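So you can see what is in the structure, the chains are spelled out below.
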Amino acid sequence: NTALAVMILGRIALTQGQVKEALVHYHEAETVFKGVPASRSNYGLLLGRLAHIHEELGDLDKALSHQHRAVEIQRSIVSEVFVPRPSRTMRRSKC
């Protein structure tokens, strides 16, 4: 996956203290992820990393925006996976 490879490059740059280079890689990965709806969890992770970088750079508005989008994506994934099932009491009452 191209986006994941670019994310890895961003992570490497970040660990080497090259914050602006990491930001370039992460934005490139963001462009790729936008065209791949099946990779929402990775896109959410990417947005969280972008939020972290923007926070380090002092751009709190962008950091907050990315973090909110990441949370929205993760919530939508969780709501799809953990659909509440009727309790036993509810099932019995229907019989």
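So, here's what we can say about the structure.

Calculation rules
Residues numbered from 1 in each chain as written. Predicted model: local features only at pLDDT ≥ 70, side-chain atom pairs only at ≥ 80, totals over all residues. Heavy atoms only, no water. Helix = DSSP H or I, 4+ residues; strand = E, 2+ residues; numbered from the N terminus. Buried < 20%, exposed > 50% of the residue type's maximum accessible area, 1.4 Å probe, protein only. Contact = heavy atoms within 4.5 Å. Areas by Shrake-Rupley, 256 points an atom, 1.4 Å probe, with all protein chains shown as cover. Phe/Tyr/Trp six-rings, centres within 6.5 Å; stacked < 30°, edge-to-face > 60°. Salt bridge = Lys/Arg side-chain N within 4 Å of Asp/Glu carboxyl O.

Turning our eyes to something else, we now look at the overall build of the protein. When its secondary structure is counted, the protein shows five helices and zero strands. Across the protein, helices and strands are ordered from the amino to the carboxyl terminus as α-α-α-α-α. Looking at the protein residue by residue over its 95 residues, the buried ones come to 29%. Within the protein, counting contacts between residues at least 6 apart in sequence, those at least 24 apart form 49% of the total. Carbon and sulfur atoms make up 58% of the accessible area of the protein, which totals about 6600 Å².

A word on the packing of aromatic side chains. This structure, assessed with the given rule, holds one aromatic pair. A ring pair is formed by Phe33 and Tyr43, whose centres lie 6.1 Å apart and whose planes are at 50°; its orientation type is tilted. Of this pair, Phe33 sits in helix α2 (residues 19-34) while Tyr43 sits in helix α3 (residues 40-56), placing them 10 residues apart in sequence. Judged by its relative accessible area of 13%, Tyr43 falls in the buried class.

What follows concerns the side chain of His54. By the secondary structure assignment, His54 is in helix α3. Given the relative accessible area of 4%, His54 is considered buried. Residues contacting His54, with those up to four places away along its chain left out, are Leu23, His27, Asp59, Leu60, Lys62, Ala63 and His66.

Examined against the element boundaries, Glu21 turns out to sit in helix α2. Considering only alpha carbons, one finds Glu21 and Arg11, 10 residues apart in sequence, at a separation of 9.8 Å.

Before going further, it helps to examine the side chain of Glu30. When you line up the elements, Glu30 lands in helix α2. The class of Glu30 is buried, set by a relative accessible area of 6%. Dropping the residues within four chain positions of it, Glu30 is found in contact with Tyr43, Leu46, Leu47, Leu50, His66 and Arg69.

Under the definition given, this model contains one salt bridge. One salt bridge connects Glu30 with Arg69, and the closest N-O pair in it is separated by 3.1 Å. Here Glu30 is found in helix α2, whereas its partner Arg69 is found in helix α4 (residues 60-81), with 39 residues between them in sequence.

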